[in-house]
Structure formats: structure tokens, C-alpha cells
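As a plain string of letters, each chain reads:
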Amino acid sequence: SVDQARQRIDAQLEQRRRDEERRIEEQRLRQEQEETARGVMAELREKVASSVQETERLKEALTPVLEDGKELDLTITRSAMKVLAEVGAGTRASCKSCTEFLVLHRVALEQAKFIWVETRQELIELQAKVQECLKQVIHLSTKTKEAHSKVARKVVAAKKRAHITALFDKYDADKDGILTKRDVQVYAQGEFNFSV
């Protein structure tokens, strides 16, 4: 009976020791998960901040092209297209990197259950920033391409108009701004080797 009481006491002490070890292990694991989640969030914050900075840099670089009412020439829009190709690609890659990083580390964030509520809220805010950056990059890209296309069409039209004006002036013998019947005959013969 004394031996049985001693065995029960030893068993209870052993159970308490195991419970304490389990509690300490759970606490260590929780702290480890929280530290990992905080580290992931810090790294994600840096990546998002970098994406935001690159988006702002792109916006500043493309400002001359995107200003309303500004007369553009082909050199400005070509320069903007070059900036768009270089900086825009980097900005898109930066945003994509944020998204991939989040997908890769989401499980680690969700495992930290005790800080998941605050982490989740910040995560939503960071995702919104990344989405806004992507939206701005797409908008800037579209507007820059439209501006370049518009200027390129104007240049082509101006060249065509100059060519037509030069032809007209070449065959308008009396320079009165009207082609006479004789002017049209000379034009057909000179340009198309065709007699009218």
C-alpha cells in the first residue's frame, strides 16, 4: 500500500513533469512561429515599399508624356517608351515578387495563430498596396503607349502631307493653288508615265 501510494505520487509527478515539458515546448513553438511570422511580415513590408518606390519612380519618369495638353514629339515619346520598357518591367517584377513571396510564406503566417488577427489585417493592407502598384503600372503603360502611338501617327501624317504638298507645288506651274488641266497632264506624265 505504501509502495502503491509512492508509485501513484511518482506517476503524478512524472505526469506533471511531462505536462510542464509539453507546455514549455508549445510555448517555444508558438514563439518560434510568431518570430517567423514577424520576420516574414518585415520582409514583405520591405518588398512592398520597394514596389511602391519603383512605381513612383516610373510615374515621375513618365510625367512629361502624361501631362494633359502638352505638345509631344517623337523623341520624348520614344524616350518614355524606353523608360517604360526598363523601369516598368522592373516595377512589374517587383510586384510579382511580392505576390510570389506572400504565396510562398502564407502558411508560416497562418501558423502564428496568436498574432494572426493583426498579421492578417496588415497583410490585407500590403496586398492592397501591391494591387494599386500593379494598377498604376498598367495605367501608366497604357497611357504612354497611347501617347506614343498618337505622336507616331501625327508624324506619319505630317510626312504624307509634306510629300503631297511638295508634289502639288512641283506641278502647279502658275502657283495659284489650283492644278489646271495642263498641270494634271504634266503630273500624270511625270509621276506615272501616263498620258492623259
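Please refer to the structure placed before this passage.
(A) Quick peek at the layout of surface pockets. Of the pockets and cavities examined, the largest pocket occupies roughly 320 Å³. Taken together, 14 residues line the largest pocket, and the ones lying closest to its centre are V65, K70, L72, A147 and K150. Looking at the lining of the largest pocket, the elements that each hand over two or more residues are α1 (2-66) and α3 (116-171). With six residues, the single largest contributor to the lining of the largest pocket is α3. Taken together, the residues that form the lining of the largest pocket break down as five nonpolar, one polar and eight charged.

(B) Structural view of a nonpolar patch on the surface. Residues F192, F194 and V196 make up a contiguous nonpolar surface patch of about 370 Å² in total accessible area. Structurally, the position occupied by F194 is in the segment after α4 (181-192). Judged by its relative accessible area of 51%, F194 is exposed.

(C) Structural context of the packing of helix α2 (residues 74-111) against α3. One way to put it is that α2 packs onto α3 with a least axis distance of 9 Å and a crossing angle of 160 degrees. By the criterion of interaxial angle, the relationship of α2 to α3 is roughly antiparallel. The two elements α2 and α3 meet at a crossing, and its hand is left-handed. Of the residues contributing to the contact of α2 with α3, the split by class is 19 nonpolar, nine polar and five charged.

(D) Representation of the pattern of salt bridges within the structure. The full count for this structure, using the stated rule, is 16 salt bridges. Note that E191 is salt-bridged to K170, the shortest N-O span being 3.7 Å. Taken as a pair, E191 in helix α4 and K170 in helix α3 lie far apart in primary sequence, 21 residues in all. Ionic contacts of the salt-bridge type, sharing partners, join the residues E14, R17, R18 and E21 into one network.

(E) Focus on the packing of aromatic side chains. Applying the stated criterion across every chain, the model contains two aromatic pairs. Ring geometry for Y171 and Y187: centres 5.4 Å apart, planes at 80 degrees, overall edge-to-face. Taken together, the positions of Y171 in helix α3 and Y187 in helix α4 put the pair 16 residues apart, joining distant regions of the chain. The class for Y171 is buried, based on a relative accessible area of 8%. Measuring from centroid to centroid gives 5.6 Å for Y187 and F192, while their planes differ by 85 degrees, and the two rings are edge-to-face. Taken together, the ring pairs in this structure connect Y171, Y187 and F192 into an aromatic cluster.

(F) Focus on the side chain of E34. The topology assignment puts E34 in helix α1. Accessibility expressed as a relative area gives 13% for E34, which makes it buried. Sequence-distant contacts of E34, defined by excluding residues within four places in its chain, comprise A112, F114 and I115.

(G) Main features of the side chain of T144. With respect to the helices and strands, the residue T144 is situated in helix α3. The buried category is assigned to T144, whose relative accessible area is 1%. Contacts of T144, omitting those with residues within four sequence positions, involve L62, V65, L66, A80, M81 and L84.

(H) Up close: the packing of α1 against α3. In the contact formed by α1 and α3, the axes pass within 10 Å of each other and the chain directions differ by 20 degrees. When the axis of α1 is compared with that of α3, the two are roughly parallel. Considering how the two elements wind past one another, α1 and α3 form a crossing that is left-handed. The class makeup of the residues in the contact of α1 with α3 is 15 nonpolar, five polar and eight charged.

(I) Geometry of the environment of Q189. Take Q189: it is sitting in helix α4. What makes Q189 partly exposed here is its relative accessible area of 35%. Reaching out from Q189, the side chain makes a polar contact with the side chain of N193 at a distance of 2.8 Å.

Reading the values: rules and limits
Residues numbered from 1 in each chain as written. Predicted model: local features only at pLDDT ≥ 70, side-chain atom pairs only at ≥ 80, totals over all residues. Heavy atoms only, no water. 1 Å grid on protein atoms, 1.4 Å probe; cavity = no way out; pocket = protein on both sides within 12 Å on 5 of 7 lines; lining within 4 Å. Points joined across faces, edges and corners; volume = space filled by probe spheres on them. Helix = DSSP H or I, 4+ residues; strand = E, 2+ residues; numbered from the N terminus. Nonpolar A, V, L, I, M, F, W, Y, C, P; charged D, E, K, R; others polar. Patch = residues over 30% accessible without salt bridge, like charges linked within 9 Å, V, L, I, M, F, W, Y side chains within 5 Å. Areas by Shrake-Rupley, 256 points an atom, 1.4 Å probe, with all protein chains shown as cover. Salt bridge = Lys/Arg side-chain N within 4 Å of Asp/Glu carboxyl O. Buried < 20%, exposed > 50% of the residue type's maximum accessible area, 1.4 Å probe, protein only. Axes fitted to C-alpha atoms, helices over the stretch in contact; angles between N-to-C directions. Parallel < 35°, antiparallel > 145°, perpendicular 65-115°, else oblique. Left-handed = near helix turned anticlockwise from the far one by under 90°. Phe/Tyr/Trp six-rings, centres within 6.5 Å; stacked < 30°, edge-to-face > 60°. Contact = heavy atoms within 4.5 Å. Polar contact = N/O pair within 3.5 Å; in protein donor to acceptor, adjacent residues only side chain to side chain.

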